[in-house]
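# Notes for the structure review
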Amino acid sequence: MLELEHLHLKHVVQLVSALESIVLRSFGPEGGQVLFTRDTGQVMLSRSGKRILSALHLEHPMARMVVECVWKHSTITGDGSKTFVLLLASLLRMIHASATKEPHMSQPYNSTETTEAACARHLADRLLDFALTELDALIALNVLPHGFCVSLEDSTGKTEQSFQTLLLTFFNTRLGNVYCDFFRDLMCELLSHWKIKNDQPSFSIRFLNNNFPALRTQVSGFPVGSSRLIEGQVIHRDFATPCPQVNEQSVKAVVFSGYLQPKLLTAGDVLELGCGNRATEDSSIVHFSSWTGRSLESIIATLQSFGVSVLLCALKQSSAALALATQTGMCLVECVSEEEISLFAQLSGVTPISDCWRICPEDIATLTFCKPILLGAHRYVHVDFHDSEERLNVKPCSLVICAPGEGQTDQYACAFQDAIRMLLTAWEPMHKSNITALMRTFPSNKFTSVHKDNMGDETTYASRSMNLHETCVIEPGCVLPAGTNQGHGLNSKTIPNPELKRYTD
């Protein structure tokens, strides 16, 4: 901390400018790819600002702090990491230039350097205060009226609409123009499957964002064109017991969060046996083992009485449980991740069972099928849910992302998730009461950093605020036009403003 306290603003500007020079090479639609070579010989090729900055080996604590802030910002919004660095560098340069050009010499400081530092701190505090108190209202009043709202309905249209153009520009700046159309169409297809009828688009997008790790499967060694959607859910584990070929109309499954067979000891337990009598101790252990065996048989018999044939377990089960499940013809999948169990529970409507002695019909999920699926070099469990369209009003599907290399596959998967986060940020509705409070908090005469002639009187401000309530602020999906779209594969005839261009991360 002492090193940071005595760090001169000039050095901070140099550090951030160095980061700026790195991300600037891949900024905008004409930006190129950045090639990284790791110590292990692996090569990473990316245009994502978040991935580029995270791959840097930074020693200076200030540089690491900036990258951490960028990472947190991009994790929430899915976009804007390069813009974050560019704006930060520009602001620091302006503060430094203002501090060195017009220092407050009237203040009693011992040196010019101290005076410049105090002036820079004063300017930074004013800028921070402006961002916390005035910037939101300024954007709502002067920026949002120039935007327009795109509809999720456009994602299913036959022609390229504003929504598809938004996705196209995102994937173009993130992955290049080779696969941007392909991933745009794949994203639209994914959204159409998970679109919940009679509900806000933000709800479906939020569901995809929260469950994306369980919904996507990365497959290396295949062309990008092999990426596709498959019905149901893919559980990234293989069957621990043989999976018999069944032709039943439906399959019943149960999710367990604990052990099927009671364990002798768990973490933190203390076993006390007898009082030094070896025979008594051995007899107690044998009796306990015999009891656990009978308990396991009773649990399996209960499951058989309910017609259960698939067991999904969060923990690794004992060899006795695997043997008995195989003997009874049950398919057992162990070590299922928490994210996949959570998704399965949401789609099936059942709750994972922690107490194996309390199994009831409400804990049993009905599946259309449960079978192995081979994706690349791995075999997984593939399930689909019975009456999902009628019960959930969606068509559950999983995303398979393919690429020749592991690094490319990971890059495409990250771009897909960032696109979902970007859409969630665009469609997240702003509560009307919050907007009303925002407008009441900032009357026109409180904007200290804006020319008065641009603001007008309070009557004009109130009128514009009312129109803003009706048109832009409370409408999700607002997109702002910027730049030009000539020569970048964008069709100006499909959008209200012919100059739509989204300079994304």
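Residues numbered from 1 in each chain as written. Predicted model: local features only at pLDDT ≥ 70, side-chain atom pairs only at ≥ 80, totals over all residues. Heavy atoms only, no water.

## Here we look at the overall build of the protein
A count of helices and strands for the protein gives 18 helices and 13 strands. Across the 505 residues that make up the protein, the buried fraction comes to 43%. When the accessible surface of the protein is split by element, carbon and sulfur atoms take 53% of a total near 26600 Å². (Helix = DSSP H or I, 4+ residues; strand = E, 2+ residues; numbered from the N terminus. Buried < 20%, exposed > 50% of the residue type's maximum accessible area, 1.4 Å probe, protein only. Areas by Shrake-Rupley, 256 points an atom, 1.4 Å probe, with all protein chains shown as cover.)

## Remarks on the packing of helix α10 (residues 201-215) against helix α15 (residues 406-427)
Two elements in contact, α10 and α15, have axes whose closest approach is 9 Å; the angle formed by their N-to-C orientations is 150°. Taken together, the axes of α10 and α15 are roughly antiparallel relative to one another. Classified by chirality, the crossing of α15 by α10 is left-handed. For the pair α10 and α15, contact is made by P201, S202, I205, R206, L208, N209, F212 and P213 and by A413, F416, Q417, I420, R421, L423, L424 and W427, respectively. For the contact of α10 with α15, the per-class residue count stands at eleven nonpolar, three polar and two charged. (Axes fitted to C-alpha atoms, helices over the stretch in contact; angles between N-to-C directions. Parallel < 35°, antiparallel > 145°, perpendicular 65-115°, else oblique. Left-handed = near helix turned anticlockwise from the far one by under 90°. Contact = heavy atoms within 4.5 Å. Nonpolar A, V, L, I, M, F, W, Y, C, P; charged D, E, K, R; others polar.)

## Things to note about the sheet that holds strand β9 (residues 331-333)
With mixed pairing, the six strands of this open sheet are ordered in space as β6-β11-β10-β7-β8-β9. The sheet terminates laterally at β6 (233-235) and β9, the two strands that pair on one side only. On average, adjacent strands in this sheet sit at an angle of 35° to one another, irrespective of strand direction. Judged from the three bridges that link them, β6 and strand β11 (residues 378-385) form a sheet pairing that is antiparallel. (Pairing = 2+ DSSP bridges.)

## Focus: empty space enclosed by the protein
Overall, the coordinates contain one cavity of 30 Å³ or more when judged by the stated rule. At the level of elements, α5 (81-101) and α6 (112-133) are the ones that each hand at least two residues to the lining of the largest cavity. With four residues, the top contributor of residues to the lining of the largest cavity is α6. Within the lining of the largest cavity, the residues separate by chemical class into four nonpolar, three polar and two charged. (1 Å grid on protein atoms, 1.4 Å probe; cavity = no way out; pocket = protein on both sides within 12 Å on 5 of 7 lines; lining within 4 Å. Points joined across faces, edges and corners; volume = space filled by probe spheres on them.)

## Here's the deal with the pattern of salt bridges
Applying the stated criterion to the full structure yields eleven salt bridges. Between D410 and R51 there is a salt bridge whose closest N-O contact spans 3.0 Å. Of the two residues, D410 sits in helix α15 while R51 sits in helix α3 (residues 49-54), which places them 359 residues apart along the sequence. Given the relative accessible area of 28%, D410 is considered partly exposed. Judged by its relative accessible area of 15%, R51 falls in the buried class. Taking the shortest distance from any N to any O, the salt bridge between K72 and E68 comes out at 3.5 Å. Here K72 pairs with E68, and both are found in helix α4 (residues 61-77), just four residues apart, close to one helical turn. Exposure remark for K72: the relative accessible area of 46% places this residue in the partly exposed category. Among the charged side chains, a network of salt bridges with common partners joins D79, R174, D418 and R421. (Salt bridge = Lys/Arg side-chain N within 4 Å of Asp/Glu carboxyl O.)

## Description of the nonpolar core
Generally speaking, a soluble globular protein has its nonpolar side chains buried in company with each other. With 60 residues, the main nonpolar core has F171, M187, W194, F344, F416 and L423 as its most contacted residues. At ten residues, α15 tops the list of elements feeding residues into this core. Core analysis: the second largest hydrophobic core is formed by 24 residues, V23, V66, L92 and A120 among them. (Core = buried A, V, L, I, M, F, W, Y, C linked by side-chain atoms within 4.5 Å.)

## Examining the confidence of the model for the protein
Considering every residue of the protein, the mean pLDDT works out to 77; 71% of them sit at 70 or more. Across the protein, the secondary-structure element scoring lowest on mean pLDDT is helix α17 (residues 452-455), at 42, and the one scoring highest is β6, at 97. Low confidence marks residues 442-466, where pLDDT is under 50. Its contacts with residues over four positions away, or in another chain, come to 38 contacts. When the criterion is pLDDT under 50, residues 468-474 qualifies, and its contacts beyond four places in sequence or with other chains add up to 21 contacts. (pLDDT = per-residue confidence, 0-100.)

## Focus on a nonpolar patch on the surface
The grouping of L35, V43 and L45 at the surface amounts to a nonpolar patch, some 280 Å² of accessible area in total. Tracing the sequence through the fold places V43 in strand β2 (residues 43-46). (Patch = residues over 30% accessible without salt bridge, like charges linked within 9 Å, V, L, I, M, F, W, Y side chains within 5 Å.)

## What about the side chain of T217?
Mapped onto the elements, T217 comes out in strand β4 (residues 216-220). Of the polar contacts made by the side chain of T217, one reaches the side chain of H236; its length is 2.7 Å. Apart from the residues within four sequence positions on either side, T217 is in contact with V234, H236, L375, Y380, L399, V400 and I401. (Polar contact = N/O pair within 3.5 Å; in protein donor to acceptor, adjacent residues only side chain to side chain.)

## Notes on helix α7 (residues 135-142)
Each turn of an α-helix holds 3.6 residues, which means side chains three or four residues apart point in the same direction. When α7 is considered as a whole, its buried residues turn out to be A137, L138, A140 and L141. Angularly, the buried residues of α7 cover 165° about the axis, an arc narrow enough to put them on a single face. (Arc of directions from axis to C-beta.)

## Some points on the environment of S98
Considering the arrangement of structural elements, one finds S98 in helix α5. Looking at S98, the relative accessible area reads 37%, which means it is partly exposed. Once residues within four sequence positions are removed from consideration, S98 is found in contact with C119 and L123.

## Digging into the packing of aromatic side chains
For the structure on display, the rule yields nine aromatic pairs. Seen in terms of ring centroids, Y179 and Y412 are 6.1 Å apart; in terms of plane orientation they differ by 65°. Their pairing is edge-to-face. Here Y412 lies in helix α15 and Y179 lies in the loop between α8 (162-175) and α9 (180-193), a separation of 233 residues in the sequence. On the basis of relative accessibility, which here comes to 6%, the residue Y412 falls in the buried class. Judged by centre distance (5.1 Å) and plane angle (35°), the rings of W194 and F207 are tilted. Taken together, the residues span a long stretch of sequence, with W194 in the loop between α9 and α10 and F207 in helix α10 at a distance of 13 residues. Taken as a pair, W194 and F207 share a single burial class, namely buried. (Phe/Tyr/Trp six-rings, centres within 6.5 Å; stacked < 30°, edge-to-face > 60°.)

## Focus on the packing of α5 against α6
Look at α5 against α6: their axes get within 8 Å of each other, and the N-to-C directions meet at 135°. Here α5 is positioned oblique relative to α6, judged by the angle of their axes. In terms of crossing hand, the pair formed by α5 and α6 is right-handed. Residues L91, I95, S98, A99 and T100 of α5 form the contact with α6, whose participating residues are E116, C119, A120, L123, A124 and L127. Tallied by class, the residues present in the contact of α5 with α6 amount to eight nonpolar, two polar and one charged.

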